[in-house]
Amino acid sequence: QVQLVESGGGSVQAGGSLRLSCVFSDHTFSNYVMGWFRQAPGKERELVAGITWNGGTTFYADSVKGRFTISRDNAKNTVYLQVNSLKPEDTAVYYCAASTTSDCSNYGCYRLIYDFWGQGTQVTVSS
């Protein structure tokens, strides 16, 4: 059974940065598109960013473009989310997820189904 473990969350002031990490449990990591999602209190979970198996395609929510960067290291079975210029509205629990699709393009990347989820890491941004 695939397991995902996030880390790197915390409390920062507006304008600050964090680097979130998500470790995938086994050697099949490169078979998956990986995504980062977030859910704020009282709001629906939303896709923040995603990356294809080799990093060839990345995709982002409009609200984070230019501030967040997703990357992966297949040798370490790890996906990262660098979050910069944080705003109070970025406060949420951040989850990583894996889709059994290894690749996607264009609008299809935003419609993937994710099969495995981590437990989440809290990011709190104060003004």
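Everything numeric here is computed off the predicted structure, so don't read it as measured data.

Caption draft 1: View of the nonpolar core. Grouped together as the largest cluster of nonpolar side chains are 31 residues, with contacts concentrated most on Leu 4, Met 34, Trp 36, Leu 81 and Tyr 94. Not counting residues within four places of it along the chain, the set of residues in contact with Tyr 94 comprises Glu 6, Leu 20, Trp 36, Phe 37, Arg 38, Val 48, Phe 68, Leu 81, Gly 120, Thr 121 and Val 123. Grouped together as the second largest cluster of nonpolar side chains are nine residues, Val 33, Ala 97, Cys 109 and Tyr 114 included.

Caption draft 2: Main features of the pairing of strand β11 (residues 121-126). What you see with β11 is a clean split: Thr 121, Val 123 and Val 125 sit on the buried side and Gln 122, Thr 124 and Ser 126 on the side with no burial. Here four bridges tie strand β2 (residues 10-13) to β11, and the two strands are oriented parallel to one another. Counterpart to Val 12 in the pairing with β11 is Val 125. Where strand β9 (residues 92-99) and β11 come together, three bridges link them in antiparallel fashion. Residue Val 93 lies in a different strand from β11, and its bridge partner there is Gln 122.

Caption draft 3: Expanded view of the state of the cysteines. Under the counting rule described, the total for this entry stands at two disulfides. Sulfur-sulfur distance for the disulfide between Cys 104 and Cys 109 comes to 2.1 Å. Handedness of the Cys 104-Cys 109 disulfide follows from its S-S torsion of about 100°: it is right-handed. In this structure, Cys 104 and Cys 109 share a single accessibility class: buried. Look at the protein chain and number its bonded cysteines as they come in the sequence; the links are 1-2, 3-4.

What counts and what doesn't
Note that residues are indexed from 1 along each chain, following the sequence as it is written. For this predicted model, a pLDDT threshold of at least 70 governs which residues receive local features, and a threshold of 80 or more governs which side-chain atom pairs are given and counted, while totals over whole chains, interfaces and linings are taken from all residues. Neither water nor hydrogens contribute to the side-chain values; these are computed over all heavy atoms in the structure. Here, nonpolar core refers to any group of buried Ala, Val, Leu, Ile, Met, Phe, Trp, Tyr and Cys residues whose side-chain atoms link them within 4.5 Å. Between buried and exposed lies partly exposed: a residue is buried under 20% and exposed over 50% of the maximum accessible area for its type, with that area taken using a 1.4 Å probe on protein chains only. In this description, contact between two residues means that some pair of their heavy atoms is separated by no more than 4.5 Å. For the purposes of this entry, the term helix denotes a DSSP run of H or I that reaches at least four residues, the term strand denotes a run of E that reaches at least two, and both are numbered from the N terminus. Pairing between two strands is assigned when DSSP locates at least 2 bridges connecting them. What counts as a disulfide here is a pair of cysteine sulfur atoms lying within 2.5 Å.

Just distances and angles here, no functional claims.
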